[in-house]
2 protein chains.
Amino acid sequence: MEMTQQDTRKLLNQFFDSVLSYLEQGQLETEIIKPAVSLEELEKIFTLDDPGSAANIKTLVDQYLASAVRTGHPHFYNQLFSGFSLYGFMGEVVTALTNSSMYTFEMSPVATLLEKELVTKMAKLVGYPAGGGTFVTGGSNGNMLAMLAARHRFAPQSKWKGLSGLSPLVAFISHDAHYSMLKAASQVGIGIEHVKKIPVNEQGQMIAGALEDAILDAQNKGQKPFFVGATSGTTIRGVFDPLEEIGSICSEFDLWFHVDGSWGGSVLLSSAHRDLLAGAELSDSFSWCAHKMMGAPLMCTIALFKTPDILVEINQISGTDYLFHDGQDIQLDLGNISLQCGRRVDALKLWLAWKYYGDEGYEKNIDRLFALAGYAAKKVEQSAQLRLMNDVKSLNICFQIRPENVSADAYNDITVAVRNRMVETGGPMVNYAYINSDLVIRLITANFELRKTHLDRFFDQVNKAVDFVLAKK
Amino acid sequence: MEMTQQDTRKLLNQFFDSVLSYLEQGQLETEIIKPAVSLEELEKIFTLDDPGSAANIKTLVDQYLASAVRTGHPHFYNQLFSGFSLYGFMGEVVTALTNSSMYTFEMSPVATLLEKELVTKMAKLVGYPAGGGTFVTGGSNGNMLAMLAARHRFAPQSKWKGLSGLSPLVAFISHDAHYSMLKAASQVGIGIEHVKKIPVNEQGQMIAGALEDAILDAQNKGQKPFFVGATSGTTIRGVFDPLEEIGSICSEFDLWFHVDGSWGGSVLLSSAHRDLLAGAELSDSFSWCAHKMMGAPLMCTIALFKTPDILVEINQISGTDYLFHDGQDIQLDLGNISLQCGRRVDALKLWLAWKYYGDEGYEKNIDRLFALAGYAAKKVEQSAQLRLMNDVKSLNICFQIRPENVSADAYNDITVAVRNRMVETGGPMVNYAYINSDLVIRLITANFELRKTHLDRFFDQVNKAVDFVLAKK
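Scope of this entry: the structure provided in the associated data block.

Cut-offs and rules
- Residues numbered from 1 in each chain as written.
- Chains lettered and ligands numbered in written order.
- Predicted model: local features only at pLDDT ≥ 70, side-chain atom pairs only at ≥ 80, totals over all residues.
- Heavy atoms only, no water.
- Helix = DSSP H or I, 4+ residues; strand = E, 2+ residues; numbered from the N terminus.
- Rg over C-alpha atoms; globule rule 2.2 N^0.38 Å.
- Buried < 20%, exposed > 50% of the residue type's maximum accessible area, 1.4 Å probe, protein only.
- Contact = heavy atoms within 4.5 Å.
- Buried area = accessible area lost by both parts, 1.4 Å probe.
- Salt bridge = Lys/Arg side-chain N within 4 Å of Asp/Glu carboxyl O.
- Polar contact = N/O pair within 3.5 Å; in protein donor to acceptor, adjacent residues only side chain to side chain.
- Nonpolar A, V, L, I, M, F, W, Y, C, P; charged D, E, K, R; others polar.
- Least-squares fit on C-alpha atoms with pLDDT ≥ 70 in both.
- Pairing = 2+ DSSP bridges.
- Axes fitted to C-alpha atoms, helices over the stretch in contact; angles between N-to-C directions.
- Core = buried A, V, L, I, M, F, W, Y, C linked by side-chain atoms within 4.5 Å.
- Parallel < 35°, antiparallel > 145°, perpendicular 65-115°, else oblique.
- Left-handed = near helix turned anticlockwise from the far one by under 90°.

1. Considerations on the overall build of chain A
In terms of helices and strands, chain A carries 14 helices and 12 strands. Compactness check: chain A gives a C-alpha radius of gyration of 24 Å against a globular reference of 23 Å for 473 residues, within 12% of the reference. Viewed in the frame of its principal axes, chain A has a C-alpha envelope of about 70 × 60 × 45 Å. The buried share among the 473 residues of chain A stands at 66%. At a minimum sequence separation of 6, the contacts of chain A that also span at least 24 residues come to 71%.

2. Describing the interface of chain A and chain B
Residue-level contacts link 142 residues of chain A with 142 residues of chain B. Surface buried jointly by chain A and chain B totals about 12900 Å² across both partners, of which 64% is contributed by carbon and sulfur atoms. On the chain A side of the contact with chain B, Leu48, Tyr64 and Lys355 of chain A bury the most area, a combined 7% of that side's loss. Counting across the interface, chain A meets chain B through eight salt bridges. One salt bridge connects Glu24 of chain A with Arg9 of chain B, and the closest N-O pair in it is separated by 2.7 Å. Joining chain A to chain B, the criterion identifies 53 residue pairs in polar contact (both at pLDDT 80 or more). Residue composition of the side of chain A that touches chain B, grouped by class: 76 nonpolar, 41 polar and 25 charged.

3. With respect to the relation of the copies chain A and chain B
Each of the two chain copies can be brought onto the other by rotation about an axis and movement along it. It takes a turn of 180 degrees to lay chain A on chain B, together with a shift of 0.0 Å along the axis; the resulting RMSD is 0.0 Å. What the superposition gives is, in effect, a two-fold axis relating one chain to the other. Both copies contact each other with a shared surface, as 100% of the interface residues of chain A are interface residues in chain B too.

4. Quick word on the sheet that holds strand E10 (residues 396–401) of chain B
Residue and element names in this part refer to chain B. Ordered in space as E1-E11-E12-E10-E9, the five strands form an open sheet in which the pairing is mixed. Looking at the sheet topology across the chains shown, the edges are occupied by strand E1 (76–77) and strand E9 (386–388). Note that E9 and E10 share three bridges and pair antiparallel. Pairing of Leu388 across the sheet is with Phe399, part of E10. Running at roughly 25 degrees to E10, helix H14 (residues 452–472) makes contact with E1, E9, E10, strand E11 (429–435) and strand E12 (438–444) of the sheet.

5. As for the nonpolar core
Residues Leu350 of chain A together with Leu350 of chain B are the most contacted members of the largest nonpolar core, which totals 356 residues. Filtering out sequence-adjacent residues up to four positions away, Leu350 of chain B remains in contact with Leu118, Met122, Phe135, Ala290, Met294, Ala296, Cys300, Ile302 and Tyr362 of chain B.

6. Some points on the packing of helix H6 (residues 139–154) of chain A against helix H8 (residues 180–187) of chain A
Residues and elements named next belong to chain A. Following both chains from N to C, one finds H6 and H8 inclined at 50 degrees, their axes separated by 9 Å at the closest point. On the basis of their axis angle, the class for H6 and H8 is oblique. Along this stretch, H6 crosses H8, giving a crossing that reads as right-handed. Of the residues in H8, those in contact with Ser140, Asn143, Met144 and Met147 of H6 are Ser180, Met181, Ala184, Ala185 and Gln187.

7. Considering unusual backbone geometry
Met299 of chain A follows Leu298 of chain A through a cis peptide bond whose omega is -20 degrees. Relative to the helices and strands, Met299 of chain A resides in the loop between strand E7 (285–289) and strand E8 (301–305). Phi at Asn99 of chain A is positive, roughly 40 degrees, even though this residue is not glycine. Looking at the element boundaries, Asn99 of chain A is found in the loop between helix H4 (86–98) and helix H5 (109–126). The phi dihedral of Asp254 of chain B falls on the positive side, at around 55 degrees, and the residue is not glycine. For Asp254 of chain B, the position within the fold is in the loop between helix H10 (243–253) and strand E6 (256–261).

Right under this line is the structure:
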């Protein structure tokens, strides 16, 4: 089973060839986005209980690649991420090659510097001149960390004595906030029922007046308001809560102000659009997924804090002297501000990509994505059988299929049938969701390689799928 | 800034050459483990504020590689992981290439199957015939998830109403348990003071009788015992708590029984050594880091549960219908049992490595690592100036430097000075820690490429460093 250096080089060279041809195929317009491979077929190929084929790793890799959803293709509009970042990819390869852990400067000197620099830079973009933070494992984790920090500010004894015996803390988010805010409340012991959902206006923004009412109502009930989570870029409609108004309410009532910018945080890089986040500097914490609108490979989420010392307070614990040794390095050991002990290097991929694009490159790309979203919205509006269902403020275009001579109560079914038809035939991949009781197709323009011609083709495919679905009825 | 397909291929080919030569250099015995690059030098090279060099990504990659600690080298004994997994690496590259997320089967069909298969297989190895689980972000996260599950069993209303108003829950771990158990208690709202540290015997194992006393004591104080965390492979001494005794106590008092097998879980793959984990089947949950003793790239941790339905209960939440659509797939959507929403594919790397090694390959490698630990322990015992400080039961060899004619109160200082001397000169990299008040060098034999000759050379280097340190005094 031992391999010589020559064998290894040969195997890796063959493997890198597979990588290159996968990338090159991905750029052909005729590519299938989601290969039609059945569960049964997959189960036959991918089993551990078959030692006969054990050595044939290259074949398995090729089969994996052949069955994978092409998230790098411009026609992948399905999630809040899309695309392939060449420099991000190189960062991931180097990360795997050097296989280090982020707890100490001694172990990961360069990655520590890169993470610190990125965190500082992004904190400044939010409007935290003395800010900092840490890479976390995703937007959900960032939101949870923010709620934990808020809990610590309002009930610091909870770190030591828990929440039992304290009066209930109450959090506020909008009706359209991401479900991870509720999970965060469950995790940190606040409880989901102690998260109050504030109504949104017609566009989907939190209504600031309603927030104020809800805070007063909680106070009257003897509960302790502590946390407001605004969303900058909601999951379905991509709208931005009014941060200035919310910030001023948080300041009035002395509440922790968190911004879930997992999706929309990257808009801070665009001078044309960063007004959407006006007031971000009033917040105490901010989650930002660079693997979404900045195209970095998953996962690449940064949790930012106006006063990062709170991270030290949350994480300081006894029993870590085997890891963090006294001396000058301890100031540099990022394990001291992380919920994780071992932690993968997530900074390198973003740093390399940023080095390549520069602030200007990101700005240009993001502005183009906004323009493309506007173009897609117009395409929807110009189509007789499509109906735009959201006010397009960023990169989410929500629409419903409403063919002539079809009754309104069939719109939902037809819309999902059209979407599924496209996915089943390997065509453009797009997701669906509900806005109130309307099922909508949610088109996301997040891919840096996306062009108008792709969108033209996407809507052609929608039309074809509509024809198919209607013919089948 | 746009690149043609040809440019991309050229860049990636050059890049893959850097990768190959890094790997080949790493196999030379003369390599430096920790390159001596100062913070100042690094800060000069690695700054985002230098658009002039922005395009020169290849140079930056090479400089990163030149400054990285060689965690793949057999002389990297510093952490509970070491080595380079060729198939794991290929898994990581494919993961980055396909850049998908684990929430739905639709998005990651194969990765979902692989994760399910690995989780089921590993659960069976623990002794959970109907078990399951999920990949998590590390041992700390796995321990936290287990405590959250236990909290849910004993206070299911806490998910909805929080912990405020409930009587305090109390957890029990050994004095030598990992610090993440305390952090978990803080995160989930139990509180660090409600984690009772049970004394250990001379070898470092939790004393079962003392656990029983502590439980009774808590009950007498009106507290509610709910969780016992045993450790299978402690961080410093690598000892295994007596799971059968602890399990029987947990059953007697009806407590959640968690095993932190982050370090030692992989011993289940060895018929010669799995007795160390006898009684694991009595537990309710089990954390297992495959990036440690199985050599998978970081992070690769699995949290296993005897009755995995508890994960559904913890994670079920409203507001997820945009992601998890009704239909047959929903049973396959791993996002339903995960604290994360977006989640990186961590299964592929382990699955490919397992496919290559097979159970037998892992067993052989792990048995060899145990034999090498025994060899290292003997080398320590045979040396007049070294003193073995732990009963070597697995892969941790703790020793102190005790040269002749040096007074006992200088042992700690000399030991750390010798360790630092080796690291500063780029020699074998090994960590130090305290056992009670004794500072010890903790040698870990976790690298599948490790041979006796490496250990011989390691001890030669220790002797050289001792001479240097004594000469300098």
